[in-house]
Amino acid sequence: CKLIFFCIQDSGLHNFYDIMKSQGEKIVTASEEITEYEYLKEIDFHEKFSSGDSKNCYFFYIQGIECLACSWIFSNLTSINKDLKNSNFRSESNVLELTVDDHKSLYDIVKFVAKLGYKVVPIKNIEEANLHYQNEKKSDLIRIGITGSLWMNIMIFSVSLYSGASDYFTLYFKYIQALLFLPIMTFSSYPFYKNLITGLKNKKTSIDFPIVLSIILGSILSYLSLYKGGEKFYFDSISMFIFLILGSRYALSYLYRKEATSSPIKAIYGQQQALLIDNEKIKFIHLSQVKSGDKILVKSGCIVPISGDLLNISSHFNESLVTGESTPVIRNVGENIRSGAKNLTNDVIIKTNFKSNTNSFHDYLSALNFSTASLEKHASFGSAYSLVLLFLLLFISLLFLILNPINVAYEKILSLMIICCPCALGIGMPLATILKIKRLSKKGI
């Protein structure tokens, strides 16, 4: 914090302390000689980790954020370091986005941050997944907001009609409802149409089928009734129906992401570097630069970043992150050490071996990457039951058509589709999985 104080003072940002009065926790100041970021100078690192149109944007996870003062420093990094073209710090995830004029200056910038006492970890896959997720959820929120606004306006006119609006206003209110419903039937319902079409292309059923059927049947009946001067309108009911399903799916996706990905990824973020032994010299390199057969040094108290064979001396390892067993085990020369095991006693040399499926923490990060496909996987179990329900609904609908006049049968089929829509399966089963994960995590599992 002393370094941060001088950094703020020298940059003419001393007014910060007039705003921020509370004290933060102390952090360990790094030494002047920092060598663990030498790999930032390598061309292959920039080819793999740079992004953006100009390939000059990089993402880093910052370890050691202890208080609001720390977050403030990274939020104002461009004012402190003039070599930066642009920076964006996300305090909720401790992710720093850096845009530089020249990739050669990236090393100096990261070294400057490291001298403040923070550990800077380059990231790529996780950030891309997060960006994709955030963009997707932003679109969903816009869709939910528009649907909710239109639904509430439709309900205003519906209440007026239910309350006995005069004949002069009745027709106008009905046409306004029909007009407001058009974006809900098209834009708001687009995810249901898309999921249904995707499922049909893959020859799979979807719980969105009865939802789409309900929307189409209800819309047709409502617009026909408007055209013929009838009283059968479902604009308000279908709007509410769509709003609730969109809202519940968004909440479900948020909960799933929060509970399934919060703690394990943060625990692994720091393990993206290795100490390479090259011609009796030791240097820091990024895991992406390690090749099969390289010799790496794993010091006592550190986690093995890449699987390999033990070369120099026996040591005790805690393999709980890999196997779940917390009792330390001794590994002798020649034995294979799996990535994720924590070295407890001696400094060891490991010859990397890329024969196993999971060689490094990069593989763990990829396995833990969140994707919306995970959510679909949990919903697929409900889809199997929805297929049975769907055929049952179609059979009953056929009976309605045989036994009733067409207009009566149509109304009964619409009511049946809305009431029996298997949304409980689509929402309830993933929710049960989320609660299970949450309870297990609280027990340390």
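Coordinates for the structure precede this section.
Residues numbered from 1 in each chain as written. Predicted model: local features only at pLDDT ≥ 70, side-chain atom pairs only at ≥ 80, totals over all residues. Heavy atoms only, no water.

Chemist: I keep staring at the overall build of the protein and nothing clicks. Help me out?
Modeler: For the protein, the helix and strand inventory stands at 16 helices and 13 strands. For the protein, the proportion of its 445 residues judged to be buried stands at 40%. In the protein, the share of contacts with a sequence separation of at least 24, taken over all contacts with a separation of at least 6, comes to 70%. For the protein, the exposed surface amounts to about 24400 Å²; the carbon and sulfur share of it is 59%. (Helix = DSSP H or I, 4+ residues; strand = E, 2+ residues; numbered from the N terminus. Buried < 20%, exposed > 50% of the residue type's maximum accessible area, 1.4 Å probe, protein only. Contact = heavy atoms within 4.5 Å. Areas by Shrake-Rupley, 256 points an atom, 1.4 Å probe, with all protein chains shown as cover.)

Chemist: Explain the pattern of salt bridges to me, please; I cannot follow it from the model alone.
Modeler: Any two side chains of opposite charge can pair if their charged atoms end up close together. As enumerated under the stated definition, the model contains 2 salt bridges in all. A salt bridge links E335 to R331, with the shortest nitrogen-to-oxygen separation between them at 3.2 Å. Several salt bridges share partner residues, and in doing so they unite E319, R331 and E335 into one network. (Salt bridge = Lys/Arg side-chain N within 4 Å of Asp/Glu carboxyl O.)

Chemist: When you look at the sheet that holds strand 9 (residues 315–318) in this model, what are you seeing that I'm missing?
Modeler: Two modes of strand pairing occur in sheets, parallel and antiparallel, and in both the strands are linked by backbone hydrogen bonds. Across the sheet, which stays open at both edges, the 3 strands sit in the order 10-9-12 with antiparallel pairing between neighbours. Each end of this open sheet is capped by a strand with a single partner; those strands are strand 10 (329–331) and strand 12 (342–343). (Pairing = 2+ DSSP bridges.)

Chemist: Where do I start with the packing of aromatic side chains in this structure?
Modeler: Geometry of an aromatic ring pair is reported as the spacing of the ring centres plus the angle between the planes. As enumerated under the stated definition, the model contains 7 aromatic pairs in all. With 5.2 Å between their ring centres and 50° between their planes, F181 and F235 make a pair best called tilted. In this pair, F181 sits in helix 8 (residues 167–188) while F235 sits in helix 11 (residues 235–268), placing the two residues 54 residues apart along the sequence. Under the relative-accessibility criterion, F181 is labelled buried at 0%. What links up through ring pairs into an aromatic cluster is the set F181, Y223, F233 and F235. Over the face of the ring belonging to F187 we find R143, whose NZ or CZ atom lies 4.5 Å from the ring centre. (Phe/Tyr/Trp six-rings, centres within 6.5 Å; stacked < 30°, edge-to-face > 60°. Lys NZ or Arg CZ within 6 Å of the ring centre and 35° of its normal.)

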